[in-house]
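Examining the three-dimensional arrangement
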Amino acid sequence: MRAVVAQAQRLVAVTPAQLGYGLRVAGPVHGLRGQTDNATRTITLYVAPQDPPNLVAHDLAHEIGHAYDATRLTAAQRTAYLRARG
């Protein structure tokens, strides 16, 4: 599982550490691929042994997006993003 996560990390240009977050890897949880806890500044990826690196990279990038939102966007920027997104 760790080898797949390491491969996935090489596919994503931004690391959780660059945003002040730690990365935790856990086993699979039905219906949940990842989770970002802004209070503890932790990204958790729920990885199954058969997950390919590109899927794990997608999950990691998605969670990094939540961390970026929490640490870098102002309330006005977040509102503008959500408005543009619909």
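Structural notes, computed from the coordinates. Throughout, residues of each chain are indexed from 1 in the direction in which the sequence is written. Totals for whole chains, interfaces and linings use all residues, but because this is a predicted model, local features are given only for residues with pLDDT of at least 70 and pairs of side-chain atoms are given and counted only at 80 or more. Hydrogens and water are ignored here; the side-chain numbers use all heavy atoms of the structure.

This paragraph deals with the overall build of the protein chain. Only runs of H or I of at least four residues qualify as helices and only runs of E of at least two qualify as strands under DSSP, and these elements are numbered from the N terminus. Within the protein chain, the regular secondary structure consists of three helices and three strands. Ordered by position in the sequence, the α and β elements of the protein chain form the string α-β-β-β-α-α. Considered along the principal axes of its C-alpha atoms, the protein chain spans approximately 40 × 25 × 25 Å. For the protein chain, long-range pairs separated by at least 24 residues make up 44% of all intrachain contacts whose partners lie at least 6 apart in sequence. Any two residues whose heavy atoms approach within 4.5 Å are treated as being in contact.

As a further point, take helix α2 (residues 53-72). Helices are assigned an expected span. That span is 1.5 Å times one less than the residue count. Given a rise of 1.5 Å per residue, 20 residues ought to cover 28 Å, and the 27 Å separating the end C-alpha atoms of α2 matches this to within 8%. Of all the residues in α2, the buried ones are Val56, Ala57, Asp59, Leu60, Glu63, Ile64 and Ala67. In an axial view of α2, the angular spread of the buried residues amounts to 160 degrees, which keeps them on one side of the axis. Exposed and oriented more than 90 degrees from the buried face of α2 are Asn54 and His58. Residue burial is assigned from relative accessible area. The probe radius is 1.4 Å, only protein chains are included, and a residue is buried under 20% of its type maximum, exposed over 50%, and partly exposed in between. What the arc describes is the spread of directions from the helix axis to the C-beta atoms.

Here helix α1 (residues 2-11) has its buried residues at Val4, Val5 and Ala8. Each buried residue of α1 lies within a common arc of 100 degrees when the element is viewed along its axis, so the set occupies one face. Facing away from the buried surface of α1 by more than 90 degrees, the exposed residues are Arg2, Ala3 and Arg10. For α1, the elements touching its buried residues are β1 (22-26) and α2.

Here we come to the nonpolar core. Of all hydrophobic cores here, the largest spans 15 residues; its most connected members are Ile43, Leu45, Val47, Val56 and Ile64. For this core, the secondary structure elements donating two or more residues are α1, β3 (42-46) and α2. The element best represented in this core is α2, accounting for five residues. Residues in contact with Val47, not counting those within four places in the same chain, are Met1, Val5, Val25, Ala26, Gly27, Pro28 and Val56. Residue types Ala, Val, Leu, Ile, Met, Phe, Trp, Tyr and Cys, when buried and joined through side-chain atoms within 4.5 Å, form a set referred to as a nonpolar core.

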